[in-house]
Amino acid sequence: MEKKVEAYIRKNDMLKQKSRVIAAVSGGADSVCLLHMLVSLRERFDLSIQAIHVHHGLRGAEADRDAQFVRELSEKWEVPCLVVCRDVAAYARENGLGVEEAGRELRYSVFEKAAGEWGGARIAVAHHQDDQAETILHNLFRGSGLRGLGGMTPVRGNVIRPLLCVTRQEIVDYLDGQDISYCQDSTNNSVAYTRNKLRHRIIPMVCQEVNFKAVPHIVAAGERIRQAEEYFEREAGRIWNDEKQVERIEKDGCRRCGIRAGAMEKLPDIVKGYVAMEMIKELTERCRDIASIHVESILDLTEKGTGKSCSLPYGLRAYREYDMVWLETGGGQGNRQENIHLGLGSFDAEYVSAHIFREKYKEIPEKKYTKWFDCDKIKGTLSVRTRETGDYITLKYGRKKTVKAFMIDAKIPRPERDQILLLAEGHHVLWIVGYRISEFYKITDETKHILQVKTDGGKEHGG
């Protein structure tokens, strides 16, 4: 087991001599095995190791037990240990996230902060082959592209995954053989979370009824898919750097880049998507909220006439101008308009400069089905939909209220609540259509770019 993990570390160049490593240790079997592996390799690589445990404030006495266990284990193995407490539930509410996602964001923020303070240390996490299989299947069911289907990489920036070469059963067998104890997290047995459903129901059924080697086969398929992803990225990079087909312009605070539509039309469909991503990455480093629907919107412009356009996250806008497909930042977007049909009513969205808006209006007009929002506060993708669990709206003085509570207080009849449309960024609601908008997204004196949204009021949706 130790030789297998060491070989995997060397193959993927995870550690060098005298490396500094932060081990993410929850106290469960996987992270305890990770820490023990690093300790066993400490002399061979001349490693400096620090264990970090993040207390999520969720499981009461059980979580306190885990934190104390990690402290004692680290002391036994002569590893410095840092326990950091974070209120995951509060963070999830404040940011409109699920508890799982909120916990992950907070953990990695702690790890990254510690790594930076320790001179750029590596962050070792305990994902193994079963986690990899779950990730690939989860992304497959969500409709992911090749990047998601490739699963987790052995090395991502300063994050390393030394246990991706072994299964969960190998980890448990190793710890039992070494007589090393570990903690059991009771939430891991709950099937309330999607990943736990995959772990406890779907994957065991597949292994039992289809192929007992399903997990390593899924992992191997993910590796091949990841190699394909890397190839298409290189090919798209080569095309994007062809100065005969690509133009870049920066003027009056507006950056734009474009490619000839004719050049795009000649490419295989799968490569077109990667070229579109190269366009996006040139103008923004943030691609988290870029989905396949945004890439397809850019590609649609290669088949449409001049003047057609579409809006993307982060204030980006794509449009067709003669034989070029352009992508530009918000600095020069002026007053372009598009009609958005999302299956739930019809919405017209228009970007307006704050200067032009203030020249036209002394005060913000009171219109029931036209609203204006501070565009610079919108960081992610907007969606139009009906209510979901976790939705909230920001009221005066930063007070947050769930959409459910708002509808009850507004005395909206129960049968009508699931018919009312919401304009939302994740679970943070900008507009409960026909009722009120969020104080957070309201226009202020500092607003530079405004998003104007008009709707039919949901008439196509039964409103």
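Residues numbered from 1 in each chain as written. Predicted model: local features only at pLDDT ≥ 70, side-chain atom pairs only at ≥ 80, totals over all residues. Heavy atoms only, no water.

Some remarks on the confidence of the model for the protein chain
Here the protein chain shows a mean pLDDT of 86. Residues at 70 or above account for 89%. Here residues 331–344 is a poorly scored stretch, pLDDT under 50, and it has 46 contacts once near neighbours within four places are set aside; other chains count. Scored below 50 in pLDDT, residues 458–463 shows 11 contacts in the model against residues more than four places distant or in partner chains. (pLDDT = per-residue confidence, 0-100. Contact = heavy atoms within 4.5 Å.)

Brief notes about the packing of helix α7 (residues 129–142) against helix α11 (residues 214–240)
Geometry of a packed helix pair, given as the angle between the helix axes and the separation of the axes. Two elements in contact, α7 and α11, have axes separated by 9 Å at closest approach and are oriented at 65 degrees. Judged by the sense of rotation from one axis to the other, the crossing of α7 with α11 is left-handed. Listed contacts from α11 to Gln 129, Asp 130, Gln 132, Ala 133, Ile 136 and Leu 137 of α7 are Val 215, Pro 216, Ile 218, Val 219, Gly 222 and Arg 226. Its residues placed into classes, the contact of α7 with α11 shows 7 nonpolar, 3 polar and 2 charged. (Axes fitted to C-alpha atoms, helices over the stretch in contact; angles between N-to-C directions. Helix = DSSP H or I, 4+ residues; strand = E, 2+ residues; numbered from the N terminus. Left-handed = near helix turned anticlockwise from the far one by under 90°. Nonpolar A, V, L, I, M, F, W, Y, C, P; charged D, E, K, R; others polar.)

Observations regarding helix α9 (residues 168–177)
Every buried residue of α9 is listed here: Ile 171, Val 172, Tyr 174 and Leu 175. End-on view of α9: buried residues confined to an arc of 160 degrees, all on one side of the axis. Buried-residue contacts for α9 involve α1 (2–11) and α2 (29–40). Immediately downstream of α9, the backbone of Asp 179 shows phi near 55 degrees, a positive value. (Buried < 20%, exposed > 50% of the residue type's maximum accessible area, 1.4 Å probe, protein only. Arc of directions from axis to C-beta.)

Some points on the packing of α11 against helix α13 (residues 269–283)
At a minimum axis distance of 8 Å, the contact between α11 and α13 shows a crossing angle of 65 degrees. Relative to α13, α11 is oriented so that their crossing is right-handed. Along its contact with α11, which presents Glu 229, Phe 232, Glu 233, Glu 235, Ala 236, Gly 237, Ile 239 and Trp 240, the element α13 presents Ile 270, Val 271, Tyr 274, Val 275, Glu 278, Met 279 and Glu 282. Of the residues that constitute the contact of α11 with α13, the class distribution is 9 nonpolar, 1 polar and 5 charged.

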